[in-house]
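The residues making up each chain are set out below.
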Amino acid sequence: MIKARVIVTLKNGVLDPQGKAIEHALGGLGFDGVGQVRQGKVFDVELGHSDKARAEADLKAMCEKLLANTVIENYAVEIA
Amino acid sequence: MKSAVVLLPGLNRDRDMIAALTRISGQPPATVWETDTAIPDVDLIVIPGGFSYGDYLRCGAIAARMPALRAVAEKAAQGVMVIGVCNGFQILVEAGLLPGALMRNTSLKFVCREVKLEVANANTAFTRNYRPGQIIRCPVAHHDGNYFADAETLARLEGNGQVVFRYAEGTNPNGSINDIAGIVNDKGNVLGMMPHPENLIEAAHGGTDGRALFESALGIAA
């Protein structure tokens, strides 16, 4: 079995009001010097086979078709 | 003219939309369920608002991958008119039938109020019964209506007159780029908009500014 992690983040230049709110709240908790905060998503995906090449191709297709909205988001795939 | 309404789990504005279409066209619309792979022969398909699939992953993302949306895409490619309102707009964008994306409101708040809209293009199948530049009232109710498109896409939309409705008089409720409230595709047969014209079609609603949109699309003279 393959365990993979997909990380989806907002592209540079896309406004992230949730990240901004978190940044503000961290400042309010007394954490000085917090720069920009950007919020993203993590998906842990299990695949029922052990073919790494196939897993990479499939996960990329999953990101393109569903997990990420490539208009506004980038994605990265990590295979354990 | 015949119409159809797409029904998906989690939508909640379907009843209002069916009532509006029935009242304006004089006949009830056909209904299409999420698993339907074909849509009857109609002139207009409407995807109403709500919270399809609980807004999981991204608003409209799951709905956009359902068989009914593939059927909508086929009809749209044949030139059938399609309107997506609110969650319907989010679904059309996720399905790739309209460009751009709808992001969280910059206020981070769900906004439920009336706004002013400018008819930015009155020369579309959906707006021909409005006057160019006409300012209309329309309710909005959404959490993710902040329209975004990259600079190139935005320039193309503006250049082609694909921006159909803009928030007017400082009423932009969500931070939408260029005050965009509604757009059409490049062929002009698919409209997506965040405001709810179906909720302003009779005197009991307190106004009828939304009526001309459906009358335009259904080919009813002003």
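Residues numbered from 1 in each chain as written. Chains lettered and ligands numbered in written order. Predicted model: local features only at pLDDT ≥ 70, side-chain atom pairs only at ≥ 80, totals over all residues. Heavy atoms only, no water.

Chain B carries the name Phosphoribosylformylglycinamidine synthase subunit PurQ in an unreviewed UniProt entry, which gives Aquamicrobium defluvii as its organism. Checking UniProt for chain B, the heading Subunit (unreviewed entry) contains the comment "Part of the FGAM synthase complex composed of 1 PurL, 1 PurQ and 2 PurS subunits." According to UniProt, the comment filed for chain B under the heading Pathway (unreviewed entry) is "Purine metabolism; IMP biosynthesis via de novo pathway; 5-amino-1-(5-phospho-D-ribosyl)imidazole from N(2)-formyl-N(1)-(5-phospho-D-ribosyl)glycinamide: step 1/2." (UniProt positions renumbered as here; feature names shortened; annotations may be inferred.)

Naming follows an unreviewed UniProt entry, where chain A appears as Phosphoribosylformylglycinamidine synthase subunit PurS of Aquamicrobium defluvii. What UniProt records for chain A under Subcellular location (unreviewed entry) is the sentence "Cytoplasm". UniProt, in its Subunit (unreviewed entry) section for chain A, records the words "Part of the FGAM synthase complex composed of 1 PurL, 1 PurQ and 2 PurS subunits."

Contact residues are listed per partner, giving 16 residues for chain A and 13 residues for chain B. In this assembly, chain A packs against chain B so that about 1200 Å² is buried in total across both faces, 68% of it on carbon and sulfur atoms. Broken down residue by residue, the surface that chain A buries against chain B is led by P17, L66 and V71 of chain A, which jointly contribute 36%. Between the two partners, chain A and chain B, sit one salt bridge. In this structure, the connection of chain A to chain B is made through five residue pairs in polar contact (both at pLDDT 80 or more). Elements with a minimum of two residues in the side of chain A that touches chain B: α1 (17-28), β2 (40-47) and α2 (52-67) of chain A. Of the residues that constitute the side of chain A that touches chain B, the class distribution is eleven nonpolar, two polar and three charged. (Contact = heavy atoms within 4.5 Å. Buried area = accessible area lost by both parts, 1.4 Å probe. Salt bridge = Lys/Arg side-chain N within 4 Å of Asp/Glu carboxyl O. Polar contact = N/O pair within 3.5 Å; in protein donor to acceptor, adjacent residues only side chain to side chain. Helix = DSSP H or I, 4+ residues; strand = E, 2+ residues; numbered from the N terminus. Nonpolar A, V, L, I, M, F, W, Y, C, P; charged D, E, K, R; others polar.)

With that out of the way, let us pick up unusual backbone geometry. Residue and element names in this part refer to chain B. Of note, the phi angle at L57 is positive, near 70°, even though the residue is not glycine. Structurally, L57 is set in the loop between β3 (44-47) and α2 (67-77). Although it is not a glycine, L108 sits at a positive phi angle of roughly 65°. One can find L108 in the loop between β5 (101-103) and β6 (111-119). On the basis of relative accessibility, which here comes to 29%, the residue L108 falls in the partly exposed class. (Buried < 20%, exposed > 50% of the residue type's maximum accessible area, 1.4 Å probe, protein only.)

Residue and element names in this part refer to chain B. UniProt's feature table lists "active site" (unreviewed entry) at C86, H196 and E198, given in the numbering used throughout. On the basis of their most widely separated C-alpha atoms, the annotated residues across 113 residues gather in one place, lying no more than 11.1 Å apart. If near-sequence neighbours (up to four positions away) are discounted, C86 is found in contact with G49, A141, H142, M193, M194 and H196. By the element assignment, E198 lies in the loop between β11 (190-193) and α5 (211-217).

Turning next to the sheet that holds strand β2 (residues 30-33) of chain B. Residues and elements named next belong to chain B. Reading across from one edge, β2-β1-β3-β4-β11-β10-β9-β6-β7 is the order of the nine strands in this open sheet, with mixed pairing throughout. Only two strands of the sheet have a single partner each, and these edge strands are β2 and β7 (135-142). Ignoring strand direction, the axes of neighbouring strands in this sheet form an average angle of 25°. When strand β4 (residues 81-85) meets β11, the two strands line up parallel, connected through four bridges. (Pairing = 2+ DSSP bridges. Axes fitted to C-alpha atoms, helices over the stretch in contact; angles between N-to-C directions.)

Residue and element names in this part refer to chain A. Read across the sheet, three strands follow the order β2-β1-β3 without closing on themselves; strand pairing throughout is antiparallel. Bordering the open sheet on either side are β2 and β3 (73-79), each of which pairs with just one other strand. Within this sheet the neighbouring strands show an average axis-to-axis angle of 20°, counted without direction. α2 contacts β1 (2-10), β2 and β3 of the sheet and is inclined by roughly 155° relative to β3.

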